[in-house]
Amino acid sequence: MSEHATLAADYIADRERAHWHDGAIWFLRVKRDKAARSIPEWETLRARASEIKAHAMSRLGDYLEQFEAQATKLGAKVHWARDAAEHNQIVYGILQAHGVKRVVKSKSMLTEECHLNPFLERHGVEVIDTDLGERIVQLIGKPPSHIVAPAIHLRKEDIGQIFHEHLHTEAGASDPKYLAEAARQHLRAKFLGAEAGLTGVNFAIAETGGFVVCTNEGNADLGASLPKLHIACMGIEKVIPRAADMGVFLRLLARSATGQPITTYSSHFHGPMPGGELHIVLVDNGRSTLLGKKDFRLSLSCIRCGACMNTCPVYRRSGGYSYEATIPGPIGSILAPARDPKKHASLPFACSLCGSCSDVCPVKIDLHHELLLWRRELAQLKLVPASKRLAMWAGSLVFRHTWMYETAGWFARRIVPRLPRWMLYNKLNAWGKQRELPDFPQQSFRELYRRRNGS
Ligand code: SF4
């Protein structure tokens, strides 16, 4: 089995948890559908967002320079990082120059991608994630399992146990209000003791040099306004041309992510606070290379809403950790192999090609097409295991010859149900480890087709 398949098999071994996870994520998808349907111009907005992003990517260098010039005029200091190591070093350098030992950080998938927390901790800096979900997973030393809802894989009872162990709440308490209040008290003290605030960036505006951070908890605002030092880290693809474009993205983002009309806080930052310092770190870390790949450059338009994960039947049933990538799900399965094709070669195959991700994506990324193209790319790089190549060759042979297809159908209907169980459910049948084989229809596919079409 491939890496993803092995981890997914372990995950679904706990059937109850897998079923519960599927339902929790599907709940978000349903809310997204309702929110999208409430706006008649939804498809127009998606098309507009896609065009703006495509345009921004076509002149990315110009817009980044414009953003740097405008942000500098506003009093921010702009830094450029080629990769994760440079990004971490820049952030640490700024903290070191200010003698900072305690940092509060709002949700930023970029800093996860760069492994900033462990880097800073190794250098004696305490980093506290202030997004509630992120703090929960940080307490148990895990990364987020979902880009919008980092702890969605945990039930309230699990969180109660984690808080009991780390925040000394009552044993067995799992009331969400009680737990949220405990987290609030715990984080409040961390905010007050922080010497610097670190945030991500959802959108950076070239025209003004300002940027926008979207949260539901207000933690980015508190973290960026209590300490005098604010560091904002952003991938270079976050830049958009004009302030007037913001409305398009803000209307799409929260609706696609959680089904809310807008995130509770959409905070605009224009230069440092009075008497404070603002540093913006622009990070490439493989994005320019991706921009140069015409088949995959659209994936840079991603606004990290998580909708493709929420709709993906594979993600919902296999959990975020089975991807072993900072960003899981369909978009992660495109971005991760672009960074390290060998390590993440299994991910583009963790997809049924149903196309649901492309249908919900607010910026119209052709996700399932890109996943298919990655398979070709990986085959050319000779990163597809021989067992999979053989199975695909056999599958394509059967699908290309009607008589073979009919024979396979006859075999499945007549012979498979009569085989002894040990022949079907053994180590060779990874699929059957967790599931029963389906009941095959008793009529041949040809008969079914004739019946339906009356021919
Ligand atoms: S690829 Fe599209 S749907 Fe998926 S997270 Fe990015 S913007 Fe959202």
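The following refers to the structure shown.

1. Some thoughts on the overall build of the protein chain
No. 1: Along the backbone of the protein chain there are 22 helices and ten strands.
No. 2: Across its three principal axes, the protein chain shows a C-alpha extent of roughly 80 × 55 × 45 Å.
No. 3: Expressed as a percentage of its 455 residues, the buried residues of the protein chain come to 50%.
No. 4: Restricting the contact set of the protein chain to residue pairs at least 6 apart, pairs at least 24 apart contribute 74%.
No. 5: Summing over all exposed atoms, the protein chain offers an accessible surface of approximately 22,000 Å²; the carbon and sulfur share of this is 57%.
No. 6: Distance between charge centres in the protein chain, computed from 60 positive and 46 negative side chains, equals 6 Å.

2. Let's talk about the sheet that holds strand S7 (residues 229–235)
No. 1: Judged by pairing direction, the sheet is parallel, and its six strands sit side by side in the order S1-S10-S7-S4-S2-S3 without closing on themselves. Each end of this open sheet is capped by a strand with a single partner; those strands are strand S1 (77–81) and strand S3 (126–129). When strand polarity is set aside, the average angle formed by the axes of neighbouring strands in this sheet is 20°.
No. 2: Two strands pair when backbone bridges link them, and strand S2 (residues 102–105) and strand S4 (residues 196–199) are joined in this way by three bridges, in the parallel orientation. Directly across from Val103, in S4, lies its bridge partner Ala196.
No. 3: In the packing of helix H4 (residues 60–73) onto the sheet, contacts are made with S1, S7 and strand S10 (277–283), and the angle to S1 comes to roughly 150°.
No. 4: Against the sheet, helix H10 (residues 176–193) contacts S2 and S3, and its axis sits at roughly 135° relative to S3.

3. Description of the pattern of salt bridges
No. 1: Under the definition given, this model contains 24 salt bridges.
No. 2: Among the salt bridges present, the one from Glu51 reaches Arg48, with a minimum N-O distance of 3.6 Å. Here Arg48 and Glu51 lie together in helix H3 (residues 42–58), a separation of three residues that amounts to about one turn.
No. 3: Here Arg304 makes a salt bridge to Glu237, at a shortest N to O gap of 3.6 Å. Note that Arg304 is positioned in the loop between helix H13 (287–291) and helix H14 (307–311) and Glu237 in the loop between S7 and strand S8 (239–240), a separation of 67 residues in sequence.
No. 4: Assessed through its relative accessible area of 16%, Arg304 is described here as buried.

4. What about the nonpolar core?
No. 1: Counting residues in each nonpolar core, the largest one holds 79 residues, and the members touching the most others are Phe67, Phe211, Ile280 and Ile331.
No. 2: Dropping the residues within four chain positions of it, Ile331 is found in contact with Ser299, Cys302, Cys308, Met309, Ile365 and Leu367.
No. 3: Counting residues in each nonpolar core, the second largest holds 23 residues, with Leu120, Ala196, Cys233 and Val281 among its members.

Parameters at a glance
- Residues numbered from 1 in each chain as written.
- Predicted model: local features only at pLDDT ≥ 70, side-chain atom pairs only at ≥ 80, totals over all residues.
- Heavy atoms only, no water.
- Helix = DSSP H or I, 4+ residues; strand = E, 2+ residues; numbered from the N terminus.
- Buried < 20%, exposed > 50% of the residue type's maximum accessible area, 1.4 Å probe, protein only.
- Contact = heavy atoms within 4.5 Å.
- Areas by Shrake-Rupley, 256 points an atom, 1.4 Å probe, with all protein chains shown as cover.
- Lys, Arg positive; Asp, Glu negative; His and termini not counted.
- Charge placed at Lys NZ, Arg CZ, Asp CG, Glu CD.
- Pairing = 2+ DSSP bridges.
- Axes fitted to C-alpha atoms, helices over the stretch in contact; angles between N-to-C directions.
- Salt bridge = Lys/Arg side-chain N within 4 Å of Asp/Glu carboxyl O.
- Core = buried A, V, L, I, M, F, W, Y, C linked by side-chain atoms within 4.5 Å.

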